[in-house]
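Read off the chains here:
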Amino acid sequence: MRSYPRNSPEAAARILSLAALSDGHLSRVEIDTIAGIGACEQLGLSRERMEEVLHGFCEDLLEAERMSWAEVCRLDAKTLGQLMAEVDDPALRRKLLSLCVAVVEADQLIADGEALVLLAAAEHWGLHELPVPLEREAAH
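Scanning the protein chain from N- to C-terminus turns up eight helices and zero strands. Along the protein chain, helices and strands appear, N-terminal first, in the series α-α-α-α-α-α-α-α. Sequence-distant contacts in the protein chain: of pairs separated by 6 or more residues, those separated by 24 or more amount to 76%. Only carbon and sulfur atoms are counted for the fraction: they give 52% of the accessible area of the protein chain, which is about 7300 Å².

Here it is as structure tokens:
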């Protein structure tokens, strides 16, 4: 899996991509939410660069795991920790977690994989005071 400089817009964008993909697919409402909340601008990326990071992340997942897409979206704890460790700026962590929550809640269904990513971010970053949705419904 490629790495990005610590606290870079790309490192943050990859975590946002993980949140969007963690239910096993990227929906139109999630894409629209990323655009609608100005996530690219908030992270300091062009929309094109965000798409490149998302595409690269998908490639890395598929190449590293060699599994079905649904299995790929469930990262092991070590890899998840490595991705979260690339963002250590407290302000960026809070902003990124809020963006991830908005994207995950966009379809009004929080799948198990999405809840795991949000809870992992809150745990790794020590941000338990932020409103991370804990109720989730089974994904269909």
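Time to look at the nonpolar core. Formed by 43 residues in total, the largest nonpolar core has its most connected members in Leu16, Leu43, Leu96, Leu97 and Trp125. When residues of this core are traced back to their parent elements, those giving at least two are α1 (9-21), α3 (39-43), α4 (47-65), α6 (77-85), α7 (90-105) and α8 (112-125). The element best represented in this core is α1, accounting for nine residues.

Here we come to the layout of surface pockets. By volume, the largest pocket amounts to about 180 Å³. Residue lining of the largest pocket: Ser17, Ala20, Leu26, Arg28, Ile31, Ile34, Ala35, Cys40, Arg47, Met50, Glu51 and Leu54, and that is the complete set. Elements with a minimum of two residues in the lining of the largest pocket: α1, α2 (28-36) and α4. Residue composition of the lining of the largest pocket, grouped by class: eight nonpolar, one polar and three charged.

For the rest of this paragraph, the subject is the environment of threonine 33. Of note, threonine 33 is situated in helix α2. For threonine 33, a relative accessible area of 15% gives the class buried. Between the C-alpha atoms of threonine 33 and valine 104, which are 71 residues apart in sequence, the distance is 9.4 Å.

Below, the discussion takes up the pattern of salt bridges. Scanning the model with the defined rule gives seven salt bridges in all. Arginine 14 serves as the salt-bridge partner of glutamate 86, at 2.5 Å between the closest nitrogen and oxygen. With a gap of 72 residues between them, glutamate 86 in the loop between α6 and α7 and arginine 14 in helix α1 connect regions that are remote in the sequence. Residues glutamate 86 and arginine 14 agree in their burial class; the two are buried. Residues glutamate 52 and arginine 49 are paired through a salt bridge, measuring 2.9 Å at the closest nitrogen-oxygen approach. With glutamate 52 and arginine 49 both in helix α4, this residue pair falls three residues apart, about one helical turn. A residue is classified by how much of its surface remains accessible, and arginine 49, at 27% relative accessible area, is partly exposed. Where salt bridges share partners, they join Arg2, Glu59 and Asp60 into one cluster.

Right, let's talk about α7 for a bit. With 16 residues, α7 extends 23 Å between its outermost C-alpha atoms, agreeing within 8% with the 22 Å of an ideal straight helix rising 1.5 Å per residue. Along α7, the residues classified as buried are Leu92, Arg93, Leu96, Leu97, Leu99, Cys100, Val101, Val103 and Val104. At its buried positions, α7 is contacted by α1, α2, α3 and α8. The N-terminus of α7 is capped by aspartate 89, whose side-chain oxygen sits 3.3 Å from the backbone nitrogen of alanine 91.

Thresholds, definitions, all that
- Residues numbered from 1 in each chain as written.
- Predicted model: local features only at pLDDT ≥ 70, side-chain atom pairs only at ≥ 80, totals over all residues.
- Heavy atoms only, no water.
- Helix = DSSP H or I, 4+ residues; strand = E, 2+ residues; numbered from the N terminus.
- Contact = heavy atoms within 4.5 Å.
- Areas by Shrake-Rupley, 256 points an atom, 1.4 Å probe, with all protein chains shown as cover.
- Core = buried A, V, L, I, M, F, W, Y, C linked by side-chain atoms within 4.5 Å.
- Buried < 20%, exposed > 50% of the residue type's maximum accessible area, 1.4 Å probe, protein only.
- 1 Å grid on protein atoms, 1.4 Å probe; cavity = no way out; pocket = protein on both sides within 12 Å on 5 of 7 lines; lining within 4 Å.
- Points joined across faces, edges and corners; volume = space filled by probe spheres on them.
- Nonpolar A, V, L, I, M, F, W, Y, C, P; charged D, E, K, R; others polar.
- Salt bridge = Lys/Arg side-chain N within 4 Å of Asp/Glu carboxyl O.
- Expected span 1.5 Å × (residues − 1).
- Polar contact = N/O pair within 3.5 Å; in protein donor to acceptor, adjacent residues only side chain to side chain.

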